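Observations on the model geometry
For reference, the chains in residue letters:
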Amino acid sequence: MRHPPLPWAVAIALLPVGGCMLFTTRGEGQGLRRDVDQIEKDLELQRAELDDAVRDATEEVARVKQLTDEATKLLARNSADVGATVEEARAAVQRLEGRVEEATQALDALRKELGEYRAATDVKLEGLLGQSTKAQAPPLPEGKQELFAEGGRRLEAGQHDEARRLLRHYLSRFGGDDQADNAQLMLGESYFREEKYAAAIGEFQKVIDAFPKGDAVDDAFLKNGQAFFRLKYCTDARVFLQELIRRFPRSPLVQDARKLLGELDRAKKDRAKCTS
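Residues numbered from 1 in each chain as written. Predicted model: local features only at pLDDT ≥ 70, side-chain atom pairs only at ≥ 80, totals over all residues. Heavy atoms only, no water.

Another point: unusual backbone geometry. Even without being glycine, E195 reaches a positive phi, approximately 65°. Looking at the secondary structure, you find E195 in the loop between α5 (180–193) and α6 (197–210). For E195, a relative accessible area of 58% translates into the label exposed. If you check the backbone angles, K232 has positive phi at about 75° while not being a glycine. Residue placement: K232 occurs in the loop between α7 (217–230) and α8 (234–247). For K232, a relative accessible area of 34% translates into the label partly exposed. (Helix = DSSP H or I, 4+ residues; strand = E, 2+ residues; numbered from the N terminus. Buried < 20%, exposed > 50% of the residue type's maximum accessible area, 1.4 Å probe, protein only.)

Right, let's get into the pattern of salt bridges. Across all of its chains, the model carries 14 salt bridges by this definition. A salt bridge links R165 to E162, with the nearest nitrogen and oxygen atoms 2.7 Å apart. On the criterion of helical spacing, the pair formed by R165 and E162 is a turn pair, its members being three residues apart in helix α4 (residues 160–174). One network of salt bridges, with partners in common, ties together E156, E189, R193 and K223. (Salt bridge = Lys/Arg side-chain N within 4 Å of Asp/Glu carboxyl O.)

Our next topic: the side chain of N182. Secondary-structure assignment places N182 in helix α5. Owing to a relative accessible area of 0%, N182 belongs among the buried residues under this scheme. Within the structure, N182 has its side chain in polar contact with the side chain of Q179 (distance 2.8 Å). (Polar contact = N/O pair within 3.5 Å; in protein donor to acceptor, adjacent residues only side chain to side chain.)

On to the state of the cysteines, then. By definition, a disulfide links two cysteine residues through a covalent bond between their sulfur atoms. All told, the structure shown has one disulfide when counted by the stated rule. One disulfide in the model links C234 with C274; its S-S distance is 1.9 Å. When the S-S torsion is -85°, as for the bridge of C234 with C274, the disulfide is left-handed. One end of the pair, C234, is in helix α8; the other, C274, is in the segment after α9 (254–267), and 40 residues separate them in sequence. The exposure class of C234 is buried, given its relative accessible area of 6%. (Disulfide = S-S within 2.5 Å.)

Turning our attention to the nonpolar core. Counting residues in each nonpolar core, the largest one holds 33 residues, and the members touching the most others are F229, L241 and L264. Residue assignment for this core shows that the elements contributing at least two residues are α5, α6, α7, α8 and α9. In this structure F229 touches C234, A237, L260, E263, L264, A267, K273 and C274, once residues within four positions along its chain are discounted. Ranked by size, the runner-up nonpolar core spans 14 residues in total, among them F148, L155, A163 and L167. (Core = buried A, V, L, I, M, F, W, Y, C linked by side-chain atoms within 4.5 Å. Contact = heavy atoms within 4.5 Å.)

Pasting the structure below:
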């Protein structure tokens, strides 16, 4: 996003909210939080089991490879029987490597599913709990420029929840405004700065889908590439960066995209940095 921020202004006051709504939304939020915690525990258990499976299969591959190497040395002494053993061992290695690959893919898919689930529940919880705290929230600026500017100011101040409240209200009232794509981009940026990368990706994608002719689309492609890289999904990151270069060859962000692609090339074989 390349537009300079507008002047800031906001008045502080209280918004009334009914006691019944306050009680209900708090109860819903607490109940949802418990459900989220339990599901996350279940997913973590599945991930631990897959980790064990990957580790066991990897150890088995190493053991069989060692046997294969030993058999190969014996084969050099012209033993036909050992030759057959070598072929059997090689076949076993291929089968085990297939198991490792399957387990690794399943683990990656589970990690991605867990990230997407957390992103969805974070957004839903934020909405529920936000309703229960309306009584303490300052009033919203009436003018669209003031509302947009205040959302940007809150974002830069690190007040991410309040920034999202203001920006969502701006988008609901002025979704057709020229600055709407930038407001949507700032929504994603608020999650990105909190390291909630899965939620950020969802908001950045809305910039691409809802404002395809806006001037924030190239930013959204780059930010999605960065967010996927932070999540270690290097294949997805590469897709967004390459699409940025293809669709916006004259964008000043192309240089950043190429630099990040270079980092992806260097990290693609490092499982600590790229799981896919």
